[in-house]
Every structure is written in C-alpha cells, then in structure tokens.
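Residue-level structure breakdown
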Amino acid sequence: MKKVIVKIANTIGETGLYHRLCRGNLPVFMLHRVHDESCPDIGGLHADQLRSYLRYLSARHYRILSMDEIRDIVVNKVKIPAKCVAFTIDDGFFDHYQVAASVFDEFHYPLNLFVITGFLDGQLWPWDDQVAW
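First things first, this report covers the structure right here in the doc. As the structure is a prediction and not an experimental result, all values here were calculated from the model.

Another point: the overall build of the chain. A tally of helices and strands in the chain yields 7 helices and 6 strands. Counting from the amino terminus, the chain carries its helices and strands in the arrangement α-α-β-β-β-α-β-α-β-α-β-α-α. Counting the 133 residues in the chain, one finds 32% classified as buried. Considering only residue pairs separated by 6 or more positions, the chain has 57% of its internal contacts joining residues 24 or more positions apart.

The geometry of helix α3 (residues 47-59) relative to helix α5 (residues 94-106) is characterised by a closest axis approach of 10 Å and an angle of 30° between their N-to-C directions. In terms of their interaxial angle, α3 and α5 are classed as roughly parallel. For the pair α3 and α5, the sense of crossing is right-handed. Judged by residue contacts, Ala 47, Leu 50, Arg 51 and Leu 54 of α3 engage Val 99, Val 103, Phe 104 and Glu 106 from α5.

The next subject is the packing of aromatic side chains. Under the defined criterion, the tally for this structure stands at 3 aromatic pairs. Seen from their ring centres, Phe 29 and Phe 87 are 5.2 Å apart, and the 25° between their planes marks the pair as stacked. With Phe 29 in strand β1 (residues 28-31) and Phe 87 in strand β5 (residues 84-91), this pair connects stretches of sequence that are 58 residues apart. An aromatic cluster of at least three residues, connected via ring pairs, comprises Phe 29, Phe 87 and Phe 104.

The buried fraction of β5 amounts to 7 of the 8 residues, a majority that puts the element mostly inside the structure. As defined by bridge partners, β1 adjoins β5 across 4 bridges and the pair is classed as parallel. From the neighbouring strand, Leu 31 faces β5, where its bridge partner is Ile 89. Judged from the 3 bridges that link them, strand β4 (residues 63-65) and β5 form a sheet pairing that is parallel. Across the sheet, Ile 64 pairs through a bridge with Val 85, a residue of β5. The sheet contact formed by β5 and strand β6 (residues 112-115) spans 4 bridges and is parallel. Residue pairing for β6: Thr 88 is matched across the bridge by Asn 112.

What counts and what doesn't
- Residues numbered from 1 in each chain as written.
- Predicted model: local features only at pLDDT ≥ 70, side-chain atom pairs only at ≥ 80, totals over all residues.
- Heavy atoms only, no water.
- Helix = DSSP H or I, 4+ residues; strand = E, 2+ residues; numbered from the N terminus.
- Buried < 20%, exposed > 50% of the residue type's maximum accessible area, 1.4 Å probe, protein only.
- Contact = heavy atoms within 4.5 Å.
- Axes fitted to C-alpha atoms, helices over the stretch in contact; angles between N-to-C directions.
- Parallel < 35°, antiparallel > 145°, perpendicular 65-115°, else oblique.
- Left-handed = near helix turned anticlockwise from the far one by under 90°.
- Phe/Tyr/Trp six-rings, centres within 6.5 Å; stacked < 30°, edge-to-face > 60°.
- Pairing = 2+ DSSP bridges.

Pasting the structure below:
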C-alpha cells in the first residue's frame, strides 16, 4: 500500500500535475538556518534532513541551479530545463558556511547566499536575533 501511495504522490507532484500547472516556473527553496551537533541551539533545518532532501534530488537526477544560471535563464529568456531547482539561504550566519555550504559541497551542488552586509560589519543586528537575545 505504501509503495502505491508514494507512486501516486510522485506522479502528481514531481513529474505530473506540478509540471502541467507550473510550466515555466523554477522551484526555489529558501533556507534560513541549518544546524548540526556543532551548533544545536539555533533552530532551523538539521543538516541530516537537508542531506536527505539533496539525496532525493540527486537520486532523481535533478539539477541544482546557481544564481548565475538563473540570471542567464531570465536575461536570455531561456526555457527552464526540466528537473531543475534552486536553493537560497539568507542573512550571513556562521552556520551557512560551516554547516549548510558543507552539506551542499558533499553533493557538488551550488548554494546561493544572500548576505546582510550590515550584519557582517557590525552595523546591523537583525530584529529576530535581538528578540532571541
């Protein structure tokens, strides 16, 4: 029964209904924090869960796009290739490099980082960190 349900879900989601309804759209997954045993208190997605997601995409031959590839698609009005997704992560926390980027490196996938420069140079303290503190 489980195999039947998974097959139906994959047919509707991954290769079926989504692609029919969302032609020309690129799925972009936005991450905020990724943690492991070296930084367990920050919340967000655990590195092992992220690995399982990337393993799933890898096993199904998905291509993970870099921001340069996305820019080229937009600027040159290129059709988005099948089975492509992108990942972004925002703010500029230490775990982006120490944890998230290293997980993406394991799979040889790009990770698109959006950094708050004021945060890095000490000019800005994000409100959610202020509340947590």
